[in-house]
Amino acid sequence: MRRHLCCILAVFLLSLFLAAEVSAAGSGKVRLSTRKQTLIEYETSKLTLENAPGKVKWSTTNPSVATVSRKGKVTAVAAGSCRIIAKCGKKKYSCKIKVKALALNAASLTLVRGRQWMLAFNNEELVPAYASSDGAVATVDGDGRIQALMPGKCTVTAAYRGKTYACTVTVLWITPDALRAQYKPVKSYQGKIVMAGSSTADFWYEAPQAFEPYELVNMAIGGTTVINWQEWHVNLITSYKPSAVVLYAGANDLSNGERISGAVNAKNTIRLLKSLRKKLKDVPIYYVSICPCPIREGALREIAASNMMVQQYCRKAYNLTYIDVTKKFLMADGRPNPALFLPDRLHPNSAGYRIWSKSVAKTVKRDLRVNS
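Note that the structure is a prediction, hence the values are computed from the model and not measured.

Participant: With reference to specific residues and values, describe the packing of helix α5 (residues 226-236) against helix α7 (residues 262-280).
Facilitator: Where α5 meets α7, the closest approach of the two axes is 9 Å, and the angle between their N-to-C directions is 10 degrees. Regarding the angle of α5 to α7, the classification is roughly parallel. Judged by residue contacts, V226, I227, W229, Q230, H233 and V234 of α5 engage N265, N268, T269, R271, L272, S275, L276 and K279 from α7. Within the contact of α5 with α7, the residues separate by chemical class into 6 nonpolar, 6 polar and 2 charged.

In structure tokens form, the structure reads like this:
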């Protein structure tokens, strides 16, 4: 009998405890997880009615702007405003929803030949179908990456759920002024890796991908010389407050070996490197060795002389790295390997730029990771 009474008492005390727990849980203030929200077309969010004492019924004041599921999932439908209502018992709670129109991050672009831009919706979760009206002027890949190829105009479109959004792309010839216009030296373009120099760096179109996750600004200009960069390095390199500098210069100065000697070329290059070091202080600087090419076999001796002198300087200089790609472009007989060059016998092909990715980009990224 005593045991029976103890069991009854234990059950009674447990029920009181559970009732107290339930009462405490429901004693909080009933409220929506948010009372105001801004969404973009097709974007979704989740609303909850916190501390709801019973079943919640959801509704919208304008389903053409935003809908809501039985579990509080809100879906933005079209630009406008509405309210999402949560009803529990006789009380109603509302959240003001503002829906912004879906749009591209640029309605028009001006790009320099050879440079890129990432086109995207303001709702980054969406993956549209991209297309270019003229692939000779600019192409676009499935991720929205626009590649400017030749001067001219075209339209890049992004299609999603039956709607098409357009961006007008204007491609300009590459000049110092055009580069400054595309990459304004404002905060959004500062603190990145800056690559400068002549056409071999200029035509490395996949360089931004090779340096990922680090961001690259390619300021290289085809046909330029070390003398040009002595004049331009403040506007096109140091004003961007780079996290690192990659320089490829000197090949055009030597040409086919008839312009200046390798020693003079090296002295000019070292003067440029000294100017960069003085202005950038602790910023790492990488000099890429002059790449021998089939059309300039006559300059092999001067290329070797210039490279050797610059390499010796880099070994002694502070935070200045010489990256040797020269040997990887030569065959066993010491001549440039034509299999690594375009039909013009001057610029690397995709196989040649894979060497640049493994040698140049890999070295820079490794150093930045170590020093970060």
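Participant: So what about the sheet that holds strand β3 (residues 44-46)? Which residues, and what values?
Facilitator: Spatial ordering of the open sheet is given by β3-β7-β6, a layout of 3 strands whose pairing is antiparallel. Each edge of the open sheet carries a strand with a single partner, namely β3 and β6 (66-68). With direction set aside, neighbouring strand axes in the sheet form an average angle of 20 degrees. The pairing of β3 with strand β7 (residues 73-76) spans 3 bridges and is antiparallel. The residue of β7 that forms the bridge with S45 is V74.

Participant: Give me the lowdown on the packing of α7 against helix α8 (residues 300-316), citing residues and values where you can.
Facilitator: With their axes 8 Å apart at the nearest point, α7 and α8 run at an angle of 35 degrees to one another. By crossing handedness, the relation of α7 to α8 is classed as right-handed. Along the contact surface, α7 presents G262, A263, N265, A266, K267, T269, I270, L273 and K274, while α8 presents E302, A305, S306, M309, V310, Y313 and C314. Of the residues belonging to the contact of α7 with α8, the class tally is 9 nonpolar, 4 polar and 3 charged.

What counts and what doesn't
- Residues numbered from 1 in each chain as written.
- Predicted model: local features only at pLDDT ≥ 70, side-chain atom pairs only at ≥ 80, totals over all residues.
- Heavy atoms only, no water.
- Axes fitted to C-alpha atoms, helices over the stretch in contact; angles between N-to-C directions.
- Helix = DSSP H or I, 4+ residues; strand = E, 2+ residues; numbered from the N terminus.
- Parallel < 35°, antiparallel > 145°, perpendicular 65-115°, else oblique.
- Contact = heavy atoms within 4.5 Å.
- Nonpolar A, V, L, I, M, F, W, Y, C, P; charged D, E, K, R; others polar.
- Pairing = 2+ DSSP bridges.
- Left-handed = near helix turned anticlockwise from the far one by under 90°.

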